[in-house]
Amino acid sequence: MKSIHFYAATVLLLAVLLFSAPLCKSQPATLKGQATHYADNSQPLDALLWPGNNFDKDAARALLREPSGESSIWAPIPEWEAGDWESKQAVNTRAVKYIGGQAMDIQPLGVHKSEGRFTKGLLRDRKGDIWHWFQSDYWTETDLGDLKVASYIRYSSPGGGEYPDFYAESVDFKILKASNQIATVRRSKTWTRYQDLGSGTLKEESVRTNYDERGTATATSFN
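Draft legend 1. Region of interest: the overall build of the protein chain. Per the secondary structure count, the protein chain includes one helix and 15 strands. Counting contacts in the protein chain only where the partners sit at least 6 residues apart, residues at least 24 apart contribute 62% of the total. Element-wise, carbon and sulfur atoms account for 51% of the exposed surface of the protein chain, whose accessible area totals about 12,000 Å².

The structure is reproduced here in structure tokens:
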């Protein structure tokens, strides 16, 4: 769970644009209370993307991309959710590891540093509704000194069920800079919901499940 503070609303007003409601990709089934319901089977990654191989971003995208999910998805969001937001910390309330296919609760991380900024709501139509763009098929990169993390966001959309606001699938490659070799690879699925706490504060709650290169669930975290 994050407490995210609003620091400057930036909603671009485009009075001439109207959007029809998008068709959203169906989400994995989720049932309340059970971590394993957020850990459905995932497809194994192509062996070229496994640890030990050289990392090729273009080749990875060609193997990971999902053309059916690459078109932009626009969806309406409430006005309180729109704007530029920043977070300082998060609270990990539950952590689950999967050992031999069995879910095992472990000590959650608790309060920890989690800095970030993001923008919600890029357009306002002539009726006054605010729309958010759910982007897919793009890379982000994080420098970790001798290592770097290249993250490919395969797909994002509005969510469903208990977590209606956001759903995303991504693949993170941890790469040795000296050799360009893949050290580890992790596939993730994330479900998110938001709550307006008033006074410019937004609460974000999320569930994230990680998978190894074979498509086996390794951990689920509740924040």
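Draft legend 2. Just the nonpolar core, in detail. In this structure, Leu45, Leu49, Phe55, Ala60, Leu64, Ala150, Tyr152, Val171, Phe173, Ile175, Ile182 and Val185 together form the largest nonpolar core, which totals twelve residues. Those elements giving two or more residues to this core turn out to be helix 1 (57–64), strand 11 (147–157), strand 12 (166–176) and strand 13 (181–198). Considering every element that reaches this core, the biggest residue donor is strand 12, with three residues. Those residues in contact with tyrosine 152 that sit more than four places away from it in its chain are Arg61, Leu64, Arg65, Asp137, Tyr138, Trp139, Glu169, Ser170 and Val171. In this structure, Ile73, Phe134, Tyr163 and Phe222 belong to the second largest nonpolar core, which totals nine residues.

Draft legend 3. Region of interest: the confidence of the model for the protein chain. When pLDDT is averaged across the protein chain, the result is 81; 81% of the residues are at 70 or more. Counting interchain partners and residues more than four positions distant, the pLDDT-below-50 stretch residues 1–33 has 96 contacts.

Draft legend 4. Broad picture of unusual backbone geometry. Residue aspartate 137 is not a glycine yet carries a positive backbone phi of 60°. Along the polypeptide, aspartate 137 turns up in the loop between strand 9 (130–134) and strand 10 (138–144). Overall, the relative accessible area of 18% leaves aspartate 137 in the buried class. Not every positive phi belongs to a glycine, and asparagine 180 is a case in point at roughly 60°.

Draft legend 5. Focus on the packing of aromatic side chains. A complete count under the given rule lists eight aromatic pairs for this structure. Aromatic rings pair up to connect Phe55, Trp139, Tyr152 and Phe173 into one cluster.

Draft legend 6. Quick peek at a nonpolar patch on the surface. A cluster of nonpolar side chains, namely Ile99, Met104 and Ile106, defines an oily patch on the protein surface of about 270 Å² accessible area. One can find methionine 104 in strand 6 (residues 102–106). Classification of methionine 104 as partly exposed rests on a relative accessible area of 44%.

Draft legend 7. Representation of the pattern of salt bridges. By the definition in use, this model includes 14 salt bridges. Arginine 186 is the salt-bridge partner of aspartate 172, the closest N and O atoms lying 3.0 Å from each other. Highlighted residues: aspartate 172 in strand 12 and arginine 186 in strand 13, separated in sequence by 14 residues. Taking relative accessible area as the criterion, aspartate 172 reaches 9% and is therefore assigned buried. Look at arginine 186 and you get partly exposed, because its relative accessible area is 36%. As a salt-bridge pair, glutamate 205 and arginine 193 come within 2.9 Å of each other at their nearest N and O atoms. Here the residue glutamate 205 occupies a position in strand 14 (residues 201–211), and arginine 193 occupies one in strand 13, the gap between them amounting to twelve residues.

Draft legend 8. Just the pairing of strand 12, in detail. Among the eleven residues in strand 12, eight count as buried, and that is most of the element. Here strand 11 pairs with strand 12 via ten bridges, running antiparallel. What sits directly across from valine 149, in strand 12, is lysine 174. As paired strands, strand 12 and strand 13 are joined by eleven bridges and run antiparallel to one another.

Draft legend 9. The arrangement of the environment of alanine 75 in detail. Along the polypeptide, alanine 75 turns up in strand 3 (residues 73–77). The buried category is assigned to alanine 75, whose relative accessible area is 8%. C-alpha separation for the pair alanine 75 and serine 157, spaced 82 residues apart in sequence, amounts to 8.5 Å.

Calculation rules
Residues numbered from 1 in each chain as written. Predicted model: local features only at pLDDT ≥ 70, side-chain atom pairs only at ≥ 80, totals over all residues. Heavy atoms only, no water. Helix = DSSP H or I, 4+ residues; strand = E, 2+ residues; numbered from the N terminus. Contact = heavy atoms within 4.5 Å. Areas by Shrake-Rupley, 256 points an atom, 1.4 Å probe, with all protein chains shown as cover. Core = buried A, V, L, I, M, F, W, Y, C linked by side-chain atoms within 4.5 Å. Buried < 20%, exposed > 50% of the residue type's maximum accessible area, 1.4 Å probe, protein only. pLDDT = per-residue confidence, 0-100. Phe/Tyr/Trp six-rings, centres within 6.5 Å; stacked < 30°, edge-to-face > 60°. Patch = residues over 30% accessible without salt bridge, like charges linked within 9 Å, V, L, I, M, F, W, Y side chains within 5 Å. Salt bridge = Lys/Arg side-chain N within 4 Å of Asp/Glu carboxyl O. Pairing = 2+ DSSP bridges.

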